[in-house]
Amino acid sequence: MTVAKKIENSIKNSSLIRKMFEEGLKRKMEFGEDNVFDFSLGNPNLEPPDGFKDVLRNLINDPGSGRHGYMPNAGYQETRQAIADYISKISSARSSADEIIMTVGAGGALNVILKTLLDPGDEVIIPSPYFMEYNFYLDNHQGVPRVVPSKADFSLDLEAMEKAICEKTKAVLINSPNNPTGKVYSREELLGLGSILEKSGKRLGRTIYLISDEPYRKLAYDGVTVPGIFDVFRESIVGTSFSKDLSLPGERIGYIAVNPGISEKDTVMAGMIMSNRILGFVNAPALMQRAIPSLLDASVDISFYRKNRDILCDGLASFGYRFVRPQGAFYLFPETPIRDDAEFVSMLKDENILTVPGSAFGRPGHMRIAYCTSPRVVERSLPGFERAIKRCNTQG
Ligand SMILES: Cc1ncc(COP(=O)(O)O)c(C=O)c1O
């Protein structure tokens, strides 16, 4: 035995998403790049916005010294201030640099938050379907996921969430726009959730935090705005990144923003800054931190993703697939025409269409289609989707 049992198990049961992605690479070698329709991974296919490279060039030509050294673990003051100003601009919150920590992506942000908040055995309520990496993130910090299925339209089942709250509940973790459903939670839902957390916290005599994972926040369609959480619940913390809206997932840059009104703010902040350090992140990448202040209002052109969503939704609906139309992110989460989602995903694989079974997100009987790909791939995949559902109809 070379590695820890836990890691050995994790490798064995490792992500279905990654497996499908690797299968895609194999198939592309065999059948040619153009003949495999890879919807497996949420890896944005758009290049970062035009200004990004100019910002980097300017930074590289900056003659200042000490630009690549260690810095305070929370990140550069100017970057944190720029983010606080941005939050104050787009929401009613009055945010300050003291409430911001720069992180290694949203994944880094969530690990810092969870490490800071959780004692062993503490529970975190997660509405499902959900991004399954949360299970690993919780396990990293000895937290326990308490999964509560959302309603059929993927809105929050507030009654069920309230019932799930117990002595061990430390936080609720939400993600909107959602991976894998594309759902955007309404302000009414969030207000409802906030009042449940407030009431339950009082009853139990402990704070229950609301953690909001928001890397898709700028990716919303049809004029839908994504409500902020700071004015729905005081004890709230945002973890986010520029991975999706600036197409920079490889650059590992994100941040944590704490509600300006959170209780014991100094302790929470000191804990998270400490966690950022001792998790070994130390600080978020320096060059990216210096680039971000010029890019806060920028975004990839989301009309590409909207176009993909429309082509896919129109096509799949006409073939008889059933789904909730996504309002944001770049995922569609239809029901599979047969109950066995893995079996249907395998039927699609025979058409060289790569998707991920809903079971990988805690909702069997569905599949996730990541449409952050080119419109040509989406269009050319449609006949395969049609043949697959027809086969089910003739077999069934
Ligand atoms: C819901 C959700 N949260 C967090 C992440 C991690 O984002 P990052 O790459 O910024 O760490 C992802 C990435 O796909 C995601 O889908």
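As a reminder, the structure under discussion sits directly above these lines.
Because the structure is a prediction, the values reported are computed rather than measured. (Residues numbered from 1 in each chain as written. Predicted model: local features only at pLDDT ≥ 70, side-chain atom pairs only at ≥ 80, totals over all residues. Heavy atoms only, no water.)

Draft legend 1. Region of interest: the environment of Pro-364. Looking at the secondary structure, you find Pro-364 in the loop between strand E11 (356-357) and strand E12 (367-370). Separated by 22 residues in sequence, Pro-364 and Ala-342 have C-alpha atoms that sit 8.6 Å apart. If we skip the residues at most four places from it in the chain, Pro-364 touches Asp-341, Gly-358 and Ser-359. (Helix = DSSP H or I, 4+ residues; strand = E, 2+ residues; numbered from the N terminus. Contact = heavy atoms within 4.5 Å.)

Draft legend 2. Region of the structure containing the packing of aromatic side chains. If you walk through the whole model with that rule in mind, you get 12 aromatic pairs. With a centroid separation of 5.1 Å and an interplanar angle of 65°, the aromatic rings of Phe-330 and Tyr-331 are classed as edge-to-face. Take Tyr-331: its relative accessible area is 1%, and that puts it in the buried class. Grouping aromatic residues by their ring pairs yields a cluster made of Phe-39, Tyr-321, Phe-344 and Phe-385. (Phe/Tyr/Trp six-rings, centres within 6.5 Å; stacked < 30°, edge-to-face > 60°. Buried < 20%, exposed > 50% of the residue type's maximum accessible area, 1.4 Å probe, protein only.)

Draft legend 3. Inspection of the pattern of salt bridges at higher detail. Overall, the coordinates contain 23 salt bridges when judged by the stated rule. Across the pair Asp-54 and Arg-57 runs a salt bridge whose closest N-O atoms are separated by 2.9 Å. Of this pair, Asp-54 and Arg-57 both sit in helix H3 (residues 51-61), three residues apart, roughly one helical turn. Given a relative accessible area of 48%, Arg-57 falls into the partly exposed group. Connected through shared salt-bridge partners, Asp-222, Arg-309, Asp-310 and Arg-325 make up one network. (Salt bridge = Lys/Arg side-chain N within 4 Å of Asp/Glu carboxyl O.)

Draft legend 4. Local environment of the state of the cysteines. One pass over the structure, following the stated rule, counts zero disulfides. Of all cysteine sulfurs, the one in Cys-372 lies closest to Cys-313, which takes part in no disulfide; the gap is 14 Å. On the basis of relative accessible area, Cys-313 is assigned to the buried category, the value being 1%. (Disulfide = S-S within 2.5 Å.)

Draft legend 5. Looking closely at the sheet that holds E11. Strand order in the open sheet formed by three strands is E9-E12-E11, with antiparallel pairing between adjacent strands. Looking at the sheet topology across the chains shown, the edges are occupied by strand E9 (331-332) and E11. Where E9 meets E12, two bridges bridge the pair, whose relative direction is antiparallel. Looking at the pairing, Tyr-331 lines up with Ala-370 of E12. (Pairing = 2+ DSSP bridges.)

Draft legend 6. Up close: the sheet that holds strand E6 (residues 209-213). Taken in spatial order, the seven strands of this open sheet run E2-E8-E7-E6-E5-E3-E4, and their pairing is mixed. With partners counted over all chains shown, the strands left at the sheet margins are strand E2 (100-103) and strand E4 (144-149), one partner each. Each strand of the sheet is rotated relative to its neighbour by a mean of 20°, with strand direction disregarded. Inspection of the sheet shows E6 paired to strand E7 (residues 236-241) by four bridges, in the parallel sense. (Axes fitted to C-alpha atoms, helices over the stretch in contact; angles between N-to-C directions.)

Draft legend 7. Quick peek at the packing of helix H5 (residues 105-117) against helix H6 (residues 133-140). Running from N to C, H5 and H6 point in directions that differ by 40°, and their axes come no closer than 9 Å. As for how H5 packs across H6, the hand of that crossing is right-handed. Touching Gly-107, Leu-110, Asn-111 and Leu-114 of H5 are Tyr-134, Tyr-137, Leu-138 and Asn-140, all from H6. Looking at the contact of H5 with H6 residue by residue, the class counts come to five nonpolar, three polar and no charged. (Left-handed = near helix turned anticlockwise from the far one by under 90°. Nonpolar A, V, L, I, M, F, W, Y, C, P; charged D, E, K, R; others polar.)

Draft legend 8. Local environment of the site of the ligand. Surrounding the ligand, one finds 14 residues, the nearest of these being Asp-213, Tyr-216, Ser-241, Ser-243 and Arg-252. One of the side-chain nitrogen or oxygen atoms of Asn-179 is found 2.8 Å away from an oxygen atom of the ligand. Computed on the free molecule, the ligand has an accessible area of 390 Å², of which 90% lies beneath the protein chains in the complex. Residues that form the shell around the ligand fall into these classes: five nonpolar, six polar and three charged. (Near = heavy atom within 4 Å. Polar contact = N/O pair within 3.5 Å; in protein donor to acceptor, adjacent residues only side chain to side chain. Areas by Shrake-Rupley, 256 points an atom, 1.4 Å probe, with all protein chains shown as cover.)

Draft legend 9. Looking closely at the pairing of E2. The side-chain alternation of E2 yields two buried faces, one formed by Ile-100 and Met-102 and the other by Ile-101 and Thr-103. Two elements, E2 and strand E8 (residues 254-258), share four bridges in a ladder whose sense is antiparallel. Each bridged residue has a counterpart across the sheet, and for Met-102 the counterpart in E8 is Tyr-255.

Draft legend 10. Region of interest: H3. Within H3, burial applies to Phe-52, Val-55, Leu-56 and Leu-59. One face of H3 carries all of its buried residues, which in axial projection span an arc of 100°. Facing away from the buried side of H3 by over 90 degrees, the exposed positions are Asn-58 and Asn-61. Those residues of H3 that are buried lie in contact with helix H10 (286-291). (Arc of directions from axis to C-beta.)

Draft legend 11. Summary view of the packing of H5 against helix H9 (residues 265-278). As a packed pair, H5 and H9 sit with axes 8 Å apart at the nearest point and diverge in direction by 120°. By the angle between their axes, H5 is oblique relative to H9. Judged by the twist between their axes, the crossing of H5 over H9 is right-handed. The residues of H9 that touch H5, namely those facing Val-112, Ile-113, Lys-115 and Thr-116, are Val-268, Gly-271, Met-272, Ser-275, Asn-276 and Ile-278. Taken together, the residues of the contact of H5 with H9 break down into five nonpolar, four polar and one charged. (Parallel < 35°, antiparallel > 145°, perpendicular 65-115°, else oblique.)

Draft legend 12. Local environment of the side chain of Gln-289. Within the fold, Gln-289 resides in helix H10. Overall, Gln-289 belongs to the buried group, its relative accessible area being 0%. At 2.9 Å, the side chain of Gln-289 and the backbone nitrogen of Tyr-76 are in polar contact. For Gln-289, the contacting residues outside a window of four places in its chain are Met-71, Gly-75, Tyr-76, Thr-79, Met-102, Ile-253, Asn-283 and Ala-284.

What is shown is where atoms sit, not what they do.
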